[in-house]
Amino acid sequence: MTTTYLHNARLIDPETLEERQGTVILDRGEIAVIGAAVAPKGARVIDCGGKCLAPGIVDLGVKVGEPGERHKESFRSAGLAAAAGGVTTMIVRPDTTPAIDSPEMLEFVTRRAREASPVRIRHMAALTKGREGREMTEIGFLLDAGAVAFSDCDHVTGNTKVLSRAFTYARSLNALVVAHPQDPGLSAGAAVTTGKFASLRGLPGVSPMAERMGLDRDLALVEMAGVRYHADQITCARSLPPLERAKRNGLDVTAGVSIHHLTLNDLDVGDYRTFFKVKPPLRSEEDRLAVVEAVASGLIDIICSMHTPQDEESKRLPYEDAASGAVALQTLLPAAMRLYHAGQLTLPQLFRAMALNPAKRLGLPQGRLAEGAPADLVLFDPDAPFVLDRFTLRSKSKNTPFDGQRMEGRVLMTFVGGEAVFDHATGGTA
Amino acid sequence: MSFRARHLLGIEHLAPDEIRAVLDLADQYVELNRRTVKRTDALAGMTQINMFFENSTRTQSSFELAGKRLGADVMNMTVAQSSVKKGETLIDTALTLNAMHPDLLVVRHPSSGAVNLLASKVNCAVLNAGDGRHEHPTQALLDALTIRRAKGRIHRLTVAICGDIAHSRVARSNLILLGKMENRVRLIGPPTLMPSGVAEFGCEVFDDMAAGLKDADVVMMLRLQKERMDGGFIPSEREYFHRYGLDAEKLAHARPDAIVMHPGPMNRGVEIDGTIADDINRSVIQEQVEMGVAVRMACMDLLARNLRAERGRAATGVMA
C-alpha cells in the first residue's frame, strides 16, 4: 500500500463547509494527516496545482445492468465511468431483471461487483419481492448479506397496507427505506410534466402535484410506522413544504434529487429529444430553482446521478414509447459545477450533498475530508472547459442529455482507499 | 421565395409569410381543381409515398388526389397498427423507404413526435398528416384557406374552437396558426377536455358555450374523439350535446354571418346538430374538404420546389 502526499490543494470540507489551501497524507487506505508541511519518506508526492481536493462522491441510486441488461452497463463499465467521474462509492439499485430481492441474488451481485469495479460498490435490495408491491422481501437476511437500503425504485406500491407492513417491519431492523414519491394513478402513462410545453408537444403529462401526493402519503405512513425514510427524488416546489414539516416534526426523513432535475428543465426536451426523458419528467424552471435552493438550505440532503443506462434502440423511438433515464456517473461532477459557477451552491455545499450526506445516511465512513476517514478522494479542476462528446463516456450506454454541451469541471484524479483509480494525465486508470 | 421549409412537420415552424405563400398558391389550385382537366406537371417524375400508421380515409385520399393531380407517382402504404411493433419498425420502415428514393413522404402516426423522428432519418421532404395529439398542419392550412375565402381575410377575426381541445391535434395546429396570423382565439369545452397550461396559450378559455360564442366570426367544432378517451372525461354523450353540441340556439350567440366548420368526420347529435351541419348558409364543411386537396397540392408543390433547389445546390456544390 502506497503512501501519498498531496500538496498545494484547495481542500473542500463538507463538514465545516470551509475551503482552505493545504496538504493531505494518505496512508494505509486512510486520510492520515491533514496539513503536514513535509512529505513523509518514500511517499508518492502529487502537486495538486491549487486544484480542488474533496471527498469522493457517494452516489445513491446507480443502475447497473447486472443481472439482465449487461449490454447496457456492467459492473466493470459502470466502475470505470464512476472512477472517471470522481464517484468513489456507487450505491446500486435493485431494479434489475430479475430484481435483487433475495440474499442469494445479493451475494451473487456483490461478488460480481467486487471482482469488476475499481470503485466501491454497495447494494440496495428490493423492499417487496419482484418489486411488485405484494409481499415484503427478507429484510433481515438481506441486511445480513450487506444491503444498505431497501427500495422498489420507480415501482410505487399502491397498496398502502402492504407498504405500511413493510415499513413497520423495516423499522424493527432499523433498515433504511428509499422510496419514489409519486401518485401511481395520476402519473400513469405520463411522459412529461403538465403545462404549456406538454400540451403543445401533444405529450401526456403528469402534474407536479402527483409527487406531492406520493410524498404526503409516504410521510403519513412514516409517521405511523416510524421507519427511516429517504425520498429518492424531490423535484417540485410543491413537495418542499411537506418535507420541511416532516423534518421539523422529527420524522427520520431525508430527500434526494438527481443532477438532471437540478440543471435541466422541461423545455430542454425540445423537439422530442428522448435523451431528456427521465423519471420523474423534467420540471419547470420555477421548480428547478426552488429545488436548487432547497439543496443550498439543506432541506434536500442528497444529490445523486440517477444513472440509468439505456441503449440506442430503447431511446430511438417516439417520445412516449422511449425508455426513461440518463447516464450520469461521469457527468455528475461537471454538471454540478454549473450550479457552482452560477453562484447557487458552494463547493462544500455540493460535496455535503454528493458525499457527506449520502454516506451519513447509509452509515458509511466515507464522505469526509478528515483524519481517520477512508482515503476516497477526488481531485478536480472546477474551471476546466470542455465540450462533451457522448462517445467518450466510459459507460456502455451513451444516453446523456449533455451531449455536445459546453461543460466546466474536470476530474483530474480519483482515489479509492488511498490508491489512484483514475488519472486524467494518463488518460485512464492510474 | 417566401416558403423556405424543408419539411412540413407543424405550423409551429412556419412564419406568417410562409403560411400566406401556401394559401396564395392554394387559391390557384382551387381554380385548377374546378376545371375538367385537373392535371399539372409540378411533381412530374417525383414519387410520393403516403404512409398511414393510423386509419384515415379522408386525409389519405385527399393527399393521394393532390399528388396525382400534380403528376406525381403516388403509392399508398397503410400500415395497420396491430401488425406493427411500434418504434423500431418506424425507423426501419423509414430507412427501407428512403432507400427507394421517394421525394415526398406523407406520414400519419398515432404517437406525438413520431413524424419529427422519421424526418430526421430520411433524405426527402416529409409532410405531417397528423401525429398523435401534436399537430395536423395541412388541416390548419385548409381551415385558414376556407376562412380567408369566406371572410375575405385571415387576421383580426374572432375564432371559437369548441370541444375536445385536449386530445385534438387539429386544435393545436389551428390555434398556433390563428395566433400567428393575429386572430382572437377562444377555446370552449369542458375543463376535463382542456389541455394543461391552457392559460398560457394566449387564448381566451370558456367552459360556457354561449359566452364563448358571443360575437364569434368563425365557429370551429371538433370531433369528440371517443377512441382516445381512456377515462370518463364527460358524464355522457347526451349531457355533452346538451352543453357543448352546436345547435341553432347556441349558434345564435355568434355573429349573424358566422361560419361553421368541422374537420370531419362528424358525430351528428354529439358535437353538432345535423341541421346546422347541412345549412348551406352557415356551414362550410364541404368547402373545407375541397380546400383540403388544393392546400395539400400547394404544400407539396412548395416543398418539391425547395427539394429541387436543395438537390441542385448539392449537385453544383453551391452553398445555400
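Since the model is a prediction, treat every value here as computed from it, not as a measurement.

Visitor: For this particular structure, what's the right way to read the overall build of chain A?
Guide: When you go through chain A residue by residue, the secondary structure sums to twelve helices and 18 strands. For 430 residues, the compact-globule formula gives about 22 Å, and the C-alpha radius of gyration of chain A, at 21 Å, lands near that figure. Going through the 430 residues of chain A one by one, you find that 63% of them count as buried. Long-range contacts, defined as pairs at least 24 residues apart, comprise 75% of the intrachain contacts of chain A with a sequence gap of at least 6. By element, 48% of the accessible surface of chain A is carried by carbon and sulfur atoms, the whole surface being about 15500 Å². Placing the 49 positive and 52 negative side-chain charges of chain A at their respective mean positions leaves the two points 1 Å apart.

Visitor: Please clarify how the overall build of chain B should be interpreted in this entry.
Guide: Helix and strand counts for chain B stand at eleven helices and nine strands. Taking 2.2 N^0.38 as the reference for a compact globule, 320 residues should give roughly 20 Å; the C-alpha atoms of chain B span a radius of gyration of 20 Å, in line with that estimate. The principal-axis extent of the C-alpha atoms belonging to chain B is close to 60 × 45 × 40 Å. Each of the 320 residues in chain B was classed as buried or not, and the buried ones make up 58%. In chain B, the proportion of contacts linking residues at least 24 apart, taken out of those at least 6 apart, comes to 75%. For chain B, the accessible surface area stands at approximately 13200 Å², while carbon and sulfur atoms represent 50% of it. Positive and negative side-chain charges in chain B, numbering 40 and 39 respectively, have mean positions lying 3 Å apart.

Visitor: Mind showing me how you'd approach the environment of S187(A) here?
Guide: All names here are of chain A. Among the secondary structure elements, S187 is positioned in the loop between β10 (176-179) and β11 (192-193). When the C-alpha atoms of S187 and G205 are compared, they prove to be 7.7 Å apart, with 18 residues separating the residues in sequence. Filtering out sequence-adjacent residues up to four positions away, S187 remains in contact with Q182 and V206. Within the structure, S187 has its side chain in polar contact with the backbone oxygen of D183 (distance 2.7 Å).

Visitor: Could you clarify how one ought to interpret the interface of chain B and chain A in this entry?
Guide: Where interface size is given, it is often the accessible area lost as the parts come together that is meant. Counting residues at the interface gives 25 residues for chain B, matched by 18 residues for chain A. Linking chain B with chain A are one salt bridge. For E12(B), the salt bridge goes to R201(A), with nearest N and O atoms at 3.0 Å. The set of elements that each furnish at least two residues to the side of chain B that touches chain A consists of α3 (88-98), α4 (114-119) and α6 (169-180) of chain B. For the side of chain B that touches chain A, the per-class residue count stands at seven nonpolar, ten polar and eight charged.

Visitor: Whenever I open this one, the pattern of salt bridges confuses me. Can you help?
Guide: When the charged atoms of two side chains lie near each other, side chains of opposite charge can form a pair. All names here are of chain B. In the structure shown here, the tally under the stated rule is 45 salt bridges over all chains. In this structure, R255 engages D217 in a salt bridge whose closest nitrogen and oxygen atoms are separated by 3.0 Å. One end of the pair, R255, is in the loop between α9 (248-251) and β9 (259-261); the other, D217, is in the loop between α7 (209-213) and β8 (218-221), with 38 residues separating them in the sequence. Assessed through its relative accessible area of 9%, D217 is described here as buried. Via salt bridges that share partners, D24, D27, E31, R148 and R149 belong to a single interconnected network.

Visitor: So what exactly am I meant to see when it comes to the packing of helix α4 (residues 160-172) of chain A against helix α6 (residues 209-225) of chain A here?
Guide: Geometry of a packed helix pair, given as the angle between the helix axes and the separation of the axes. All names here are of chain A. Orientation of α4 relative to α6, taken along the N-to-C sense of each, is 45°, at an axis distance of 9 Å. Classified by the angle between their axes, α4 and α6 sit oblique to one another. The two elements α4 and α6 meet at a crossing, and its hand is right-handed. Along the contact surface, α4 presents T160, L163, S164, F167, T168 and R171, while α6 presents R217, D218, L221, V222, M224 and A225. Partitioning the contact of α4 with α6 into residue classes produces six nonpolar, three polar and three charged.

Visitor: Would you mind going over the sheet that holds strand β13 (residues 228-231) of chain A with me for this structure?
Guide: By definition, the strands of a sheet pair up through backbone hydrogen bonds, in either a parallel or an antiparallel sense. All names here are of chain A. Strand order across the open sheet formed by eight strands is β6-β7-β8-β9-β10-β13-β14-β15, with parallel pairing between neighbours. Unpaired on one side and paired on the other, β6 (57-62) and β15 (302-304) mark the two borders of the sheet. Pairwise comparison of adjacent strand axes, ignoring direction, gives a mean angle of 30° for this sheet. The pairing of β6 with strand β7 (residues 87-92) spans five bridges and is parallel. Looking at the pairing, V58 lines up with T89 of β7. Against the sheet, helix α2 (residues 103-116) engages β8 (120-125) and β9 (147-151), with an angle of about 165° to β8.

Visitor: Sorry, what's going on with unusual backbone geometry here?
Guide: Trans is the prevailing form of peptide bonds, just as negative phi is the prevailing case for residues other than glycine. Residue P280(A) is bonded to the preceding K279(A) through a cis peptide linkage, with omega at -5°. Here P280(A) lies in the loop between α8 (259-263) and α9 (285-297). Look at the link from G264(B) to P265(B): it is a cis peptide, with omega at -10°. Position of P265(B) relative to the elements: it lies in the loop between β9 and α10 (274-278). At R28(A), a position not held by glycine, the phi torsion is positive, near 50°. When you line up the elements, R28(A) lands in the loop between β2 (18-27) and β3 (30-34). With a phi angle near 50°, R156(B) is a residue other than glycine that sits in the positive phi range. Following the sequence through the fold, R156(B) ends up in the loop between α5 (137-151) and β5 (158-162). On the basis of relative accessible area, R156(B) is assigned to the exposed category, the value being 67%.

Visitor: Just checking my understanding: could you explain the sheet that holds strand β2 (residues 73-78) of chain B for this structure?
Guide: Residue and element names in this part refer to chain B. One open sheet holds the four strands; their spatial order is β2-β1-β3-β4, and the pairing between them is parallel. Two strands lie at the open edges of the sheet, namely β2 and β4 (125-131), each paired on one side alone. Pairs of neighbouring strands in the sheet enclose a mean axial angle of 15°, with direction left out of account. Where strand β1 (residues 47-52) and strand β3 (residues 104-109) come together, five bridges link them in parallel fashion. Its bridge partner lying in β3, Q48 is registered against L104. Those strands touched by helix α2 (residues 58-69) are β1, β2, β3 and β4, and its axis lies near 180° from that of β1.

Visitor: Would you mind showing me how to read the packing of aromatic side chains here?
Guide: In this description, an aromatic ring pair is defined by two values, namely the gap between the centres and the angle between the planes. Counting across every chain of the model gives three aromatic pairs over all chains. Between the aromatic rings of F351(A) and F380(A), the centroid separation amounts to 5.4 Å while the plane-to-plane angle is 25°, which identifies the pairing as stacked. Here F351(A), found in helix α12 (residues 347-362), pairs with F380(A), found in strand β16 (residues 377-387); they are 29 residues apart in sequence, far enough to count as distant. Both residues of the pair, F351(A) and F380(A), count as buried. Pairing Y240(B) with Y244(B) gives two aromatic rings, centres 5.7 Å apart and planes at 40°, and the pair type is tilted.

Cut-offs applied
- Residues numbered from 1 in each chain as written.
- Chains lettered and ligands numbered in written order.
- Predicted model: local features only at pLDDT ≥ 70, side-chain atom pairs only at ≥ 80, totals over all residues.
- Heavy atoms only, no water.
- Helix = DSSP H or I, 4+ residues; strand = E, 2+ residues; numbered from the N terminus.
- Rg over C-alpha atoms; globule rule 2.2 N^0.38 Å.
- Buried < 20%, exposed > 50% of the residue type's maximum accessible area, 1.4 Å probe, protein only.
- Contact = heavy atoms within 4.5 Å.
- Areas by Shrake-Rupley, 256 points an atom, 1.4 Å probe, with all protein chains shown as cover.
- Lys, Arg positive; Asp, Glu negative; His and termini not counted.
- Charge placed at Lys NZ, Arg CZ, Asp CG, Glu CD.
- Polar contact = N/O pair within 3.5 Å; in protein donor to acceptor, adjacent residues only side chain to side chain.
- Salt bridge = Lys/Arg side-chain N within 4 Å of Asp/Glu carboxyl O.
- Nonpolar A, V, L, I, M, F, W, Y, C, P; charged D, E, K, R; others polar.
- Axes fitted to C-alpha atoms, helices over the stretch in contact; angles between N-to-C directions.
- Parallel < 35°, antiparallel > 145°, perpendicular 65-115°, else oblique.
- Left-handed = near helix turned anticlockwise from the far one by under 90°.
- Pairing = 2+ DSSP bridges.
- Phe/Tyr/Trp six-rings, centres within 6.5 Å; stacked < 30°, edge-to-face > 60°.

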